[in-house]
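Residue strings, one per chain:
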Amino acid sequence: SSKTTSLLSPNRILNIAHRGASAYAPEHTLLSYQIGEELAADYIEIDLQMTKDNILVAMHDGDVSRTTDHEGTVKNMLLEEVKVLDAGSWFNEQYPDLAEPAFRSIEIPTLEEIFQEFGTEANYYIETKTPEQYPNMVEELVATLQEYHLTGEGVEEGKVIIQSFSAESLLEVHQLDPSIPLVQLIHYSGKAQISNKELKELKRYAVGLGVNHTTLTKDYVKKVRNAGLLLHPFTVNDTEDMVRLLDWGVTGMFTDYPDRLEEVLEER
Ligand code: G3P
Ligand code: CA
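Residues numbered from 1 in each chain as written. Chains lettered and ligands numbered in written order. Predicted model: local features only at pLDDT ≥ 70, side-chain atom pairs only at ≥ 80, totals over all residues. Heavy atoms only, no water.

Trainee: Whenever I open this one, the packing of aromatic side chains confuses me. Can you help?
Mentor: Here a ring pair, both rings aromatic, is described through the centre-centre distance and the interplanar angle of the planes. Per the stated rule, a full pass over the model turns up 12 aromatic pairs. Taking the centre distance of 6.4 Å and the plane angle of 75 degrees together, the rings of Tyr33 and Phe118 count as edge-to-face. Of the two residues, Tyr33 is situated in helix 1 (residues 30-38) and Phe118 in helix 4 (residues 111-118); the sequence distance between them amounts to 85 residues. Overall, Tyr33 belongs to the buried group, its relative accessible area being 0%. Assessed through its relative accessible area of 10%, Phe118 is described here as buried. Ring centres of Phe91 and Phe103 lie 5.5 Å apart, and the angle between their planes is 90 degrees; this geometry places the pair in the edge-to-face category. With Phe91 in helix 3 (residues 89-94) and Phe103 in the loop between helix 3 and helix 4, the pair connects residues that are 12 residues apart, well separated along the chain. Members of the aromatic cluster, each reached through a chain of ring pairs, are Tyr43, Tyr125, Phe165, Phe234 and Phe254. The ring centre of Trp248 lies 4.9 Å from the NZ or CZ of Arg244, which sits over that ring. For the cation-ring pair, Arg260 lies above Tyr257, with the distance from its terminal atom to the ring centre recorded as 3.5 Å. (Phe/Tyr/Trp six-rings, centres within 6.5 Å; stacked < 30°, edge-to-face > 60°. Helix = DSSP H or I, 4+ residues; strand = E, 2+ residues; numbered from the N terminus. Buried < 20%, exposed > 50% of the residue type's maximum accessible area, 1.4 Å probe, protein only. Lys NZ or Arg CZ within 6 Å of the ring centre and 35° of its normal.)

In structure tokens, the structure reads:
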């Protein structure tokens, strides 16, 4: 799976830096994304939330308390209130061995700041989080992608992938810009299973599926791949799991350790 193979080819294995290289730096910060790029990840993975004044920011949780020094929900905060939060000290406290002074007081980035930093060179794998809470999230996202020349004519296929657990949100993207490749996220609690009918429905709008990896079976992977869909398990951090999933035929994966996946891929 050489890096010269096109991004959405089933023969290309995509290395997706989950929340950036989030094993090494506080998740969803410019530094975690930067490290992901340095570790040869193909994609910067971004989870989106939206401020009270309708600015898209990169955050996994709707609530700021896990990854900042404050409490509250992004939805009820203005951007200027979000920008003063310290999004890195929690990491230094939790992982003293990996702590860096540069992580202290690091800011939550807006989507625009990410695009300004990494430009059209990087590839972005963007998740609309709880889109039902944010009526204009998709519209803002699609407009911002256009503004930064990440979608539209002349842009490499797969430069941006949009992912969501919400099919509705993906269908909204599809309506606004049918050229953007979409990945339907699914979280199984038991063994992963999917019917031919479901696969057919998914094929109408999605190029692939993102599934929690511990529920996957060899048969499930085969079924999805035979249906002509890509399959990107999340979040795969152990080398043995990476090797097994690749043997089963997945076409990429979300990982906090893009360096581990890179190493596995180099050996294959
Ligand atoms: O987007 C794939 C994976 O990241 C989904 O899980 O909770 O880390 O966003 P989560
Ligand atoms: Ca995500």
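Still to come is the rest of the account.
Trainee: How do you make sense of the site of ligand 1 when you look at a structure like this?
Mentor: Near ligand 1, the surroundings consist of His18, Arg19, Glu45, Asp47, His60, Glu127, Lys129, Gln163, Leu185, Phe234 and Phe254. Within the contact set of ligand 1, an oxygen atom lies 3.0 Å away from a side-chain nitrogen or oxygen of Glu127. For ligand 1, an oxygen atom lies 2.6 Å from a polar atom in the side chain of Gln163. When the free accessible area of ligand 1 is taken as 290 Å², the share hidden by the protein chains comes to 90%. For the shell around ligand 1, the per-class residue count stands at 3 nonpolar, 3 polar and 5 charged. (Near = heavy atom within 4 Å. Polar contact = N/O pair within 3.5 Å; in protein donor to acceptor, adjacent residues only side chain to side chain. Areas by Shrake-Rupley, 256 points an atom, 1.4 Å probe, with all protein chains shown as cover. Nonpolar A, V, L, I, M, F, W, Y, C, P; charged D, E, K, R; others polar.)

Trainee: How should the coordination of the calcium ion (ligand 2) be read in this particular structure?
Mentor: Ideal coordination angles are 109.5 degrees for a metal with four donors arranged tetrahedrally and 90 or 180 degrees for a metal with six donors arranged octahedrally. Taken together, the protein donors to the calcium ion (ligand 2) comprise Glu45 (OE), Asp47 (OD) and Glu127 (OE), at separations of 2.2 to 2.3 Å. In this structure, the calcium ion (ligand 2) is coordinated by 6 donor atoms arranged in irregular fashion, with angles at the metal of 58 to 159 degrees. (Donors = N, O, S within 2.8 Å, 3.2 Å for Na, K, Ca; no water. Tetrahedral: all angles 85-135°; square planar, octahedral: opposite > 155°, others 65-115°.)

Trainee: Just checking my understanding: could you explain the pattern of salt bridges for this structure?
Mentor: A pair can form between side chains of opposite charge whenever their charged atoms are brought close. Across all of its chains, the model carries 12 salt bridges by this definition. Here Arg268 makes a salt bridge to Asp247, at a shortest N to O gap of 2.8 Å. Note that Arg268 is positioned in the segment after helix 10 (258-267) and Asp247 in helix 9 (residues 239-248), a separation of 21 residues in sequence. Each member of the salt-bridge network shares a partner with another, and the members are Lys3, Arg12, Asp42 and Glu262. (Salt bridge = Lys/Arg side-chain N within 4 Å of Asp/Glu carboxyl O.)

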